[in-house]
Amino acid sequence: MADDATFDKFRSCAVEVLQVPADKVIPEASFSGDLDADSLDLVEFVMALEEAFEITVDESELQGVETVGQAYELVTSKL
Amino acid sequence: MTLAAEHAHRRRRRVAVTGIGVVSCCGTGKDAFFDGLCAPAPQGIRRVPDFDPTAWFDPKVARQTDRFAQFSVAAAAMAIEDAGGLHADPLRAGVIFGTGVGGLETLQEQLGVLIAKGARRVSPRLVPMMMANAGAAAISMRWELRGPCETVVTACAAGTHSIGNAFRLIADGRCDLVITGGAEAAINDVGGQPSIGVAAFTNMTAMSTSGISRPFDVRRDGFVIAEGGAALVLEEYERAEARGAHIYAEVLGAASTADAYHITAPAPGGSGAIACMELALEDAGLAPGQITHINGHGTSTPLNDLAEAEAINKVFGNPGPPVTSIKGVTGHSLAAAGALEAVAVILSLERQLIPPTDGLDQLDPEIHLDVVTGGPRPFSPGPVLSNSFGFGGHNGCLVIGPASP
């Protein structure tokens, strides 16, 4: 994993798009169960991440991504 | 009355108004709204001041809901609370809610994103936020109403047509309860860019250049654009009575016609409006002389007000019953207008007071109406006609009378 600043940036995207408290954005949190995010929320979240980190995430890469930790791994793998 | 109309009348169920909710430039909530109608008008474009969506939505849903749909839900929430909750089988409870242009502000915002950042950044929420039925859908989902849920899109007549259609669903026996009304929010600047709605209406030359709404006045020069929303709870009359609901009023009849003439100008002599008013009277089983007051469309445009006045004279004589246009205060909120005006009628019946036409100083000498001006006028409640006429040549009329056991 990358440094704290990277995770902070990731977390602020989640807080902004998913409107959840920052302390709920932890690696083991599941998007649908813990963060109450539906499929459109995830699309918006990924868009926010793409913009914040200047990366491109293909739809196929999101297969199986269910938790904050998995999404964060995906982002950092592209940095 | 024709034989067919008489037959329809005998089979039909009565429809009560049991709740009202308002979001408007001159007040949110029914009491503030009616007080606002009897006070001096706000200045300039009529925005709803200090509307806080988080009073009605959690922050995440507020972000995902266009302002017009926020108004729809807020007005419905107030109306449902006013009615003392919902009392109907969900499958027999519906939503008929109008808008003119739906989520135009969201569309403008996302066009900005498209141009600045490209197609990959356009929000996946754009369609469900901007679609005209978003307001009706949000109401249905929030209160789990599973009967018909539909949106009427007839420009400035949509609020009135929605209430007419909701009335029909109950009168004909399909529903026992319908949440109805209309909402509009298409006048706010978006992301630092001027509102495309205001720009478009300005360039149509339908808007007042003076910024003053003065229906029926000789100096009127167009409408002042507005936003807002209003909702009614309609219930089958006997059920409402049986549960001890407060019944504000009874919807007695409704009608809808088209000019089939021009996309924005009314038909000469108001022929479409005349037909609509006559059909509404027939639907209510009333003669013109039984109408005690008319809440006019009265937009403050040169063409509308003259055509409407001619149409009223043709149906009701000269000058006919007292007429008011609340658009002197509210401005023209497109689809919300008919719903706000229905609420104004209902509160006029309850308070036995017709709000004045603000901004009217000097009646156009070509307009031969008894326009209520200067201050609210006491009246003895009886059947009231409410008119709405929309771009596209859509005409809508409602007849609403006092509650009577």
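Residues numbered from 1 in each chain as written. Chains lettered and ligands numbered in written order. Predicted model: local features only at pLDDT ≥ 70, side-chain atom pairs only at ≥ 80, totals over all residues. Heavy atoms only, no water.

Caption draft 1: Quick peek at the overall build of chain A. Within chain A, the secondary structure is distributed over 3 helices and 0 strands. Each helix and strand of chain A, placed in order from N terminus to C terminus, yields the pattern α-α-α. The C-alpha radius of gyration computed for chain A amounts to 11 Å, which stays within 12% of the reference 12 Å derived for 79 residues, consistent with globular compactness. Dimensions of chain A along its principal axes, counting C-alpha atoms only, are 25 × 25 × 20 Å. Expressed as a percentage of the 79 residues in chain A, the buried residues total 42%. Considering only contacts within chain A whose residues lie at least 6 apart along the sequence, 57% involve residues at least 24 apart. On chain A, roughly 4,300 Å² of surface is accessible, and the fraction owed to carbon and sulfur atoms is 48%. Averaged over its 4 positive side-chain charges, chain A has a centre that lies 5 Å from the centre of its 19 negative ones. (Helix = DSSP H or I, 4+ residues; strand = E, 2+ residues; numbered from the N terminus. Rg over C-alpha atoms; globule rule 2.2 N^0.38 Å. Buried < 20%, exposed > 50% of the residue type's maximum accessible area, 1.4 Å probe, protein only. Contact = heavy atoms within 4.5 Å. Areas by Shrake-Rupley, 256 points an atom, 1.4 Å probe, with all protein chains shown as cover. Lys, Arg positive; Asp, Glu negative; His and termini not counted. Charge placed at Lys NZ, Arg CZ, Asp CG, Glu CD.)

Caption draft 2: Focus on the interface of chain B and chain A. Every contact between the two is made by 12 residues of chain B and, on the other side, 18 residues of chain A. Of the roughly 1,200 Å² buried between chain B and chain A, counting both surfaces, carbon and sulfur atoms make up 42%. When residues of chain B are sorted by the area they lose upon contact with chain A, Lys60(B), Arg63(B) and Arg121(B) head the list and together hold 47% of the total. At the surface where chain B touches chain A, the tally comes to 9 salt bridges. A salt bridge links Glu51(A) to Arg121(B), with the shortest nitrogen-to-oxygen separation between them at 3.0 Å. Our count for the contact surface shared by chain B and chain A stands at 11 residue pairs in polar contact (both at pLDDT 80 or more). Here the side of chain B that touches chain A gets 3 residues from one element, more than from any other, and that element is helix H3 (residues 59–63) of chain B. Tallied by class, residues from the side of chain B that touches chain A come to 4 nonpolar, 2 polar and 6 charged. (Buried area = accessible area lost by both parts, 1.4 Å probe. Salt bridge = Lys/Arg side-chain N within 4 Å of Asp/Glu carboxyl O. Polar contact = N/O pair within 3.5 Å; in protein donor to acceptor, adjacent residues only side chain to side chain. Nonpolar A, V, L, I, M, F, W, Y, C, P; charged D, E, K, R; others polar.)

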